[in-house]
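# Architecture at a glance
Spelled out, the chains give:
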Number of protein chains: 2
Amino acid sequence: MRDVFNDQLDQMIGDLASICDDVRTAVHDATVALLTGDAAVAERVISADEAIDAARERVEETAFSLLLLQQPVARDLRTIVSALRMVSELERMGDLSVHVAKVARLRVPHVAVPDDVRPTIERMAEVAETMVSEVRRVIARRDVAAAIALGRADEEMDQLRRRSFTQLLSEDWPHGVEAAVDLALLGRYYERIADHAVSIAHRVVFVVTGEDPRSVEV
Amino acid sequence: MRDVFNDQLDQMIGDLASICDDVRTAVHDATVALLTGDAAVAERVISADEAIDAARERVEETAFSLLLLQQPVARDLRTIVSALRMVSELERMGDLSVHVAKVARLRVPHVAVPDDVRPTIERMAEVAETMVSEVRRVIARRDVAAAIALGRADEEMDQLRRRSFTQLLSEDWPHGVEAAVDLALLGRYYERIADHAVSIAHRVVFVVTGEDPRSVEV
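Residues numbered from 1 in each chain as written. Chains lettered and ligands numbered in written order. Predicted model: local features only at pLDDT ≥ 70, side-chain atom pairs only at ≥ 80, totals over all residues. Heavy atoms only, no water.

So, on to the environment of B:D7. Residue and element names in this part refer to chain B. With respect to the helices, strands and loops of the structure, D7 is situated in helix α1 (residues 2-36). Assessed through its relative accessible area of 53%, D7 is described here as exposed. Along the primary structure D7 and V45 are separated by 38 residues, whereas in three dimensions their C-alpha atoms are 32 Å apart. (Helix = DSSP H or I, 4+ residues; strand = E, 2+ residues; numbered from the N terminus. Buried < 20%, exposed > 50% of the residue type's maximum accessible area, 1.4 Å probe, protein only.)

So this is what it looks like as structure tokens:
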């Protein structure tokens, strides 16, 4: 009976890692759509989100059946409850990528991001994508050191967000209200993706160590 | 042993309802700060958030101890796991109120919301506050009908968000980039508060009926 339990637990962790891959693709493709104004890529991100939602449901079902049938304790219990919360955060990261794709789609055939802000947005997207990859490693290997390192990437995201605000609120912002509003919201979406990545990493620390690192959570 | 369990479960539900009261106060006060430019009220919202975070930790501790010590099944299990997720959403609603308060604080001694947009923001805040009150009732009374009704209030929030975008992106928007960016983000914060309210209501439906209403979730 314990073997079946551990197999199901491993399967659930594998499903979470696989959702990370889908979320990373979503972040990447949404950014491509955003920076190129490619409506087809934007549509792909939007329709691919259903698969992430379905994967979330599978993880939830597995978690509930493990809780109900196996009555786990200690670390196994923490793993299952944390998985329920992590999968909910991963789904949100997918939703946030859809929001980015929708900004891109709304501005087609134009590109929502003016050339002089492009480096900031590109870097935000890179940081977000790297954080999703790291989250995958943290989940798959229960890597506490990588989980703690994720917090540092989040600091860069905060700096980028501040930089984008400085740009769009400067006296000589030449691109008008619409572009400024797009950028403010896009910055918010990438920042939230990063926040969720940090939060998931902290949950893994909790699973592995039993310690809640929320005191360092932002 | 069952009585102690049920007492603790009732206590946990009571704690959730009490966090709803704190979140409602946060939404209300943040809006007052926003519409009056009152820095002291904004600070109060920001510092009161610690109490919401602490209350979240207490609910989490109770939930974990119930899961570990009582090995609940069926509806009790759903209640505890759902409580863990609801308390996390309530904490986010508190954080979003803090974001509103911080926009208010940033613009002191001015008011972030221009007069002609004020009715839209006032109504958004009213809808959000009412939804938090309804969430309290849904949680405290396990009221499935009220939970389903919450979805309709959320539709009004979506309409208000669209209206605010129409205003701030119109050709003759007179208030400049900064006010437009503030409003776009404020709209996002109130909308997310409403989204979380709907999500919590759906979790209560799940607890009471065992049915997941996510097919109707936005």
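Judged by nonpolar contacts, the single largest core of 158 residues is most densely connected at A:L34, A:I121, A:Y190, B:L34, B:I121 and B:Y190. Ignoring sequence-local partners within four residues, the contact set of A:L34 consists of A:V100, A:V103, A:A104, A:V111, A:A112, A:V113, A:I121, A:L186 and A:Y190. (Core = buried A, V, L, I, M, F, W, Y, C linked by side-chain atoms within 4.5 Å. Contact = heavy atoms within 4.5 Å.)

Residue and element names in this part refer to chain A. Following V108, the chain continues to P109 via a peptide bond in cis, the omega torsion being 10°. Secondary-structure assignment places P109 in the loop between α3 (74-107) and α4 (118-141). The backbone of R142 shows a phi angle near 50°, a positive value even though the residue is not glycine. The partly exposed category is assigned to R142, whose relative accessible area is 25%.

Take the packing of aromatic side chains next. This structure, assessed with the given rule, holds two aromatic pairs over all chains. Taking 5.6 Å as the distance between ring centres and 75° as the angle between the ring planes, the aromatic pair formed by A:F206 and B:F64 counts as edge-to-face. Of this pair, A:F206 sits in helix α6 (residues 176-209) while B:F64 sits in helix α2 (residues 39-70), which puts the two residues in different chains. Judged by its relative accessible area of 15%, B:F64 falls in the buried class. Lying over the aromatic face of A:F206, A:R78 brings its terminal NZ or CZ to 5.8 Å of the ring centre. (Phe/Tyr/Trp six-rings, centres within 6.5 Å; stacked < 30°, edge-to-face > 60°. Lys NZ or Arg CZ within 6 Å of the ring centre and 35° of its normal.)

We now examine the pattern of salt bridges. Evaluated as defined, the whole model comprises 36 salt bridges over all chains. With its nearest N and O atoms 2.6 Å apart, the salt bridge here joins A:R123 to A:E156. Taken together, the positions of A:R123 in helix α4 and A:E156 in helix α5 (residues 144-168) put the pair 33 residues apart, joining distant regions of the chain. With a relative accessible area of 33%, A:R123 lands in the partly exposed category. One salt bridge connects A:R188 with A:E191, and the closest N-O pair in it is separated by 3.5 Å. Here A:E191 and A:R188 lie together in helix α6, a separation of three residues that amounts to about one turn. Considered together, A:R188 and A:E191 belong to a single accessibility category, that of buried residues. Residues joined by salt bridges that share partners form a network here, namely A:R56, A:E60, A:E91 and B:R85. (Salt bridge = Lys/Arg side-chain N within 4 Å of Asp/Glu carboxyl O.)

Moving on, we come to the interface of chain A and chain B. Tallying the contact residues gives 38 residues for chain A and 37 residues for chain B. In total, chain A and chain B occlude about 3,000 Å² of area from one another, counting both sides; carbon and sulfur atoms represent 62% of this. There are two salt bridges connecting chain A and chain B. Note that A:E60 and B:R85 form a salt bridge whose closest N and O atoms lie 2.8 Å from each other. For the pair chain A and chain B, the number of links is two residue pairs in polar contact (both at pLDDT 80 or more). Residues of the side of chain A that touches chain B, tallied by class, amount to 20 nonpolar, four polar and 14 charged. (Buried area = accessible area lost by both parts, 1.4 Å probe. Polar contact = N/O pair within 3.5 Å; in protein donor to acceptor, adjacent residues only side chain to side chain. Nonpolar A, V, L, I, M, F, W, Y, C, P; charged D, E, K, R; others polar.)

Let us look at the relation of the copies chain A and chain B. In screw terms, the move from chain A to chain B is a rotation of 180° and a rise of 0.0 Å along the axis, fitting with an RMSD of 0.0 Å. Taken together, these values place the two copies in the relation of a two-fold axis. In this assembly, 97% of the residues forming the interface of chain A have copies in chain B that are likewise at the interface, indicating an isologous arrangement. (Least-squares fit on C-alpha atoms with pLDDT ≥ 70 in both.)

Time to look at α4(A). Residues and elements named next belong to chain A. Given a rise of 1.5 Å per residue, 24 residues ought to cover 34 Å, and the 34 Å separating the end C-alpha atoms of α4 matches this to within 8%. Turning to α4, its buried residues number three or more, namely T120, I121, M124, A125, V127, A128, E129, M131, V132, V135, V138 and I139. At the C-terminal side of α4, R142 shows a positive phi close to 50°. (Expected span 1.5 Å × (residues − 1).)

By themselves, these are just geometric observations and shouldn't be taken as functional.
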